[in-house]
Amino acid sequence: MATHAVRHVRRPVAARLDEHLPVDHRLSKVYRVGAGLTGLLLVLFGVLGLIDRIGFFDTGGDRVLGLNTNGALSVLSILVGLLLCFGMLKGGNFASTLNIVLGLLFIASGFVNLALLDTGLNFLAFHIPNVLFSFVVGVMLMWFGMYGRVGSALPHDNPYWRARHPEEAEREQRARRR
């Protein structure tokens, strides 16, 4: 009769991105600053675009702050900017997750609008600087959102590291109590 060795396979614990962080956690400041600055920039761009009274779907567009725009892009920029400002006010994991999601959407928008540049479907009047702006803002928002949540060298007092390594975090906690 053969005996089988019992192996304990340690399954990785999935860290939830919506775990609660204390309101005054230092990472929340990074998420808030990223959302707030980007939101204010987008609102400014949108308001300046609406002041010029450009046609709503005018594909020729007009230049505002070095970028092409029309009424639709201006309104969309204001709405996304206000959403980011709301994320700044809410803070915490909400701001972080919002930054990540909107960052991905900005990058996707850059690719979609790059494909639509010289077509009749370019309803947002994008030109190459707009595409580059979408890519830069997308990467910047993702960086702000992922800061302190993703990485190979997170400090052991980081709540995301503790969630991903509960056994090791518990050992360190017990060692500190001694």
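Above this note sits the structure.
Residues numbered from 1 in each chain as written. Predicted model: local features only at pLDDT ≥ 70, side-chain atom pairs only at ≥ 80, totals over all residues. Heavy atoms only, no water.

**So, the overall build of the protein chain**
(1) Moving on: Secondary structure assignment for the protein chain yields six helices and two strands.
(2) Moving on: Start at the N end of the protein chain and walk to the C end: the helices and strands fall as α-β-β-α-α-α-α-α.
(3) Moving on: Burial analysis of the protein chain (178 residues in total) assigns 39% to the buried set.
(4) Moving on: Long-range contacts, defined here as pairs at least 24 residues apart, represent 66% of the contacts in the protein chain between residues at least 6 apart.
(5) Moving on: If you sum the accessible surface of the protein chain, you get close to 11,100 Å²; carbon and sulfur atoms cover 66% of it. (Helix = DSSP H or I, 4+ residues; strand = E, 2+ residues; numbered from the N terminus. Buried < 20%, exposed > 50% of the residue type's maximum accessible area, 1.4 Å probe, protein only. Contact = heavy atoms within 4.5 Å. Areas by Shrake-Rupley, 256 points an atom, 1.4 Å probe, with all protein chains shown as cover.)

**Some thoughts on helix α2 (residues 71-90)**
(1) Moving on: With 20 residues, α2 extends 29 Å between its outermost C-alpha atoms, agreeing within 8% with the 28 Å of an ideal straight helix rising 1.5 Å per residue.
(2) Moving on: The set of residues buried in α2 consists of G71, A72, L73, S74, S77, I78, V80, G81, L84, C85 and G87.
(3) Moving on: If you check the start of α2, you find a side-chain oxygen 3.2 Å away from the backbone N of A72, and it comes from N70.
(4) Moving on: G91 occupies a position one or two residues after α2 and carries a positive phi of about 70 degrees. (Expected span 1.5 Å × (residues − 1). Polar contact = N/O pair within 3.5 Å; in protein donor to acceptor, adjacent residues only side chain to side chain.)

**Observations regarding the nonpolar core**
(1) Moving on: Of all hydrophobic cores here, the largest spans nine residues; its members are A35, L42, V80, L84, L98, L102, F106, V137 and L141.
(2) Moving on: Taken together, the elements giving at least two residues each to this core come down to α1 (26-51), α2, α3 (92-115) and α4 (128-146).
(3) Moving on: Excluding residues within four positions of it along the chain, V137 makes contact with T38 and F106. (Core = buried A, V, L, I, M, F, W, Y, C linked by side-chain atoms within 4.5 Å.)

**Quick word on the packing of aromatic side chains**
(1) Moving on: Per the counting criterion, the structure on display carries three aromatic pairs.
(2) Moving on: Centroid distance F86 to F94: 5.6 Å. Interplanar angle 80 degrees. Geometry classified as edge-to-face.
(3) Moving on: Residue classification places F86 among the partly exposed positions, given a relative accessible area of 43%.
(4) Moving on: Relative accessible area serves as the criterion here: at 33%, F94 is assigned to the partly exposed category.
(5) Moving on: Residues W143 and F144 carry aromatic rings whose centres are separated by 5.2 Å and whose planes lie at 65 degrees to one another, so their mutual orientation is edge-to-face.
(6) Moving on: Judged by relative accessible area, W143 falls into the partly exposed class, the value being 49%.
(7) Moving on: According to the relative accessible area criterion, F144 is buried, its value standing at 15%. (Phe/Tyr/Trp six-rings, centres within 6.5 Å; stacked < 30°, edge-to-face > 60°.)

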